[in-house]
Amino acid sequence: MTEPFIAATASSLQTELLMDSVETIDENLLALLERLGQPRRSPDVLDMEARASQARMELVAPLRPLIEMYCRLWAEGAYQLAPEDAAHVDKSTEEWEQAVTQIVSQMNALSVAIVANLIDKGVITHAPRRVRR
């Protein structure tokens, strides 16, 4: 592989991950992509990328509740084990729930985007779990 190919591939993957991790592909996201050195998209290209993102999200849809549960378990555990980050937060308050929810939201968006991309690229597959007898 040549260096330009790697850079182009990384740029394309970055675009897919960012598009897949937001609720709406809007001007804020497009401005971010431009700040990252990506060219402005024509309406046709943007529409194609948005449809591809939607298709990836459909691939991962059955896994989303499970991914969110894993993210919540990790966030709650990590906050319990990281006293320097959460020492000032009373774990029985709304502030605690907001802190955990914010981390879960960010982790969930990223995790869903990564899993969707890996499924889309054929790196991993997802099949419904078989019932064990």
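Residues numbered from 1 in each chain as written. Predicted model: local features only at pLDDT ≥ 70, side-chain atom pairs only at ≥ 80, totals over all residues. Heavy atoms only, no water.

Focus on the packing of helix H3 (residues 43-60) against helix H6 (residues 94-120)
The criterion, for reference: To obtain each axis, a line is fitted to C-alpha atoms, and for helices this fit is confined to the stretch in contact; angles are then taken between N-to-C directions over 0 to 180 degrees. In this text, helices come from DSSP runs of H or I with a minimum length of four residues, and strands from runs of E with a minimum of two, each type numbered from the N-terminal end. Our angle categories are set so that under 35 degrees counts as roughly parallel, over 145 as roughly antiparallel, 65 to 115 as roughly perpendicular, and the remainder as oblique. The contact criterion used throughout is that any non-hydrogen atoms of two residues lie within 4.5 Å. Residue type decides the class: Asp, Glu, Lys and Arg count as charged, Ala, Val, Leu, Ile, Met, Phe, Trp, Tyr, Cys and Pro as nonpolar, and the leftover types, Gly among them, as polar.
Across the interface, H3 lies against H6 with an axial gap of 8 Å and an inter-helix angle of 95°. In terms of orientation, H3 lies roughly perpendicular with respect to H6. For the pair H3 and H6, the contacting residues are Arg56, Met57, Leu59 and Val60 in the first and Val112, Ala113, Val115, Ala116, Asn117, Ile119 and Asp120 in the second. In terms of residue class, the contact of H3 with H6 is built from 8 nonpolar, 1 polar and 2 charged.

Observations regarding the nonpolar core
Let me state the cut-off plainly: Take the buried Ala, Val, Leu, Ile, Met, Phe, Trp, Tyr and Cys residues and link them wherever side-chain atoms come within 4.5 Å; each set so joined is a nonpolar core. Relative accessibility thresholds used throughout: buried, under 20% of the residue-type maximum; exposed, over 50%; partly exposed, between the two (1.4 Å probe, protein chains only).
In this structure, Val60, Leu63, Ile67, Tyr79, Val100 and Val115 are the most contacted members of the largest nonpolar core, which totals 16 residues. Taken together, the elements giving at least two residues each to this core come down to H3, helix H4 (64-81) and H6. Looking at which element gives the most residues to this core, the answer is H6, with 9 residues. Look past the residues within four positions of Val100 in its chain and what remains in contact with it is Arg72, Ala75, Glu76 and Tyr79.

What to know about the pattern of salt bridges
This is how it is decided: Here, a salt bridge means any side-chain nitrogen of Lys or Arg that lies within 4 Å of a carboxyl oxygen of Asp or Glu.
Applying the stated rule across the entire model yields 10 salt bridges. In this structure, Lys121 engages Glu16 in a salt bridge whose closest nitrogen and oxygen atoms are separated by 2.6 Å. Linking Lys121 in the segment after H6 with Glu16 in helix H1 (residues 3-20), this pair joins segments that are 105 residues apart in sequence. By relative accessible area, which is 39% here, Lys121 ends up partly exposed. Judged by relative accessible area, Glu16 falls into the buried class, the value being 18%.

Considerations on the confidence of the model for the protein
We count it as follows: The pLDDT score gives, residue by residue, the confidence of the prediction method on a 0 to 100 scale.
Taken residue by residue, the protein gives an average pLDDT of 84. The fraction at 70 or more is 80%. The element-level mean pLDDT for the protein is lowest in helix H5 (residues 83-86), coming to 57, with H3 highest at 93.

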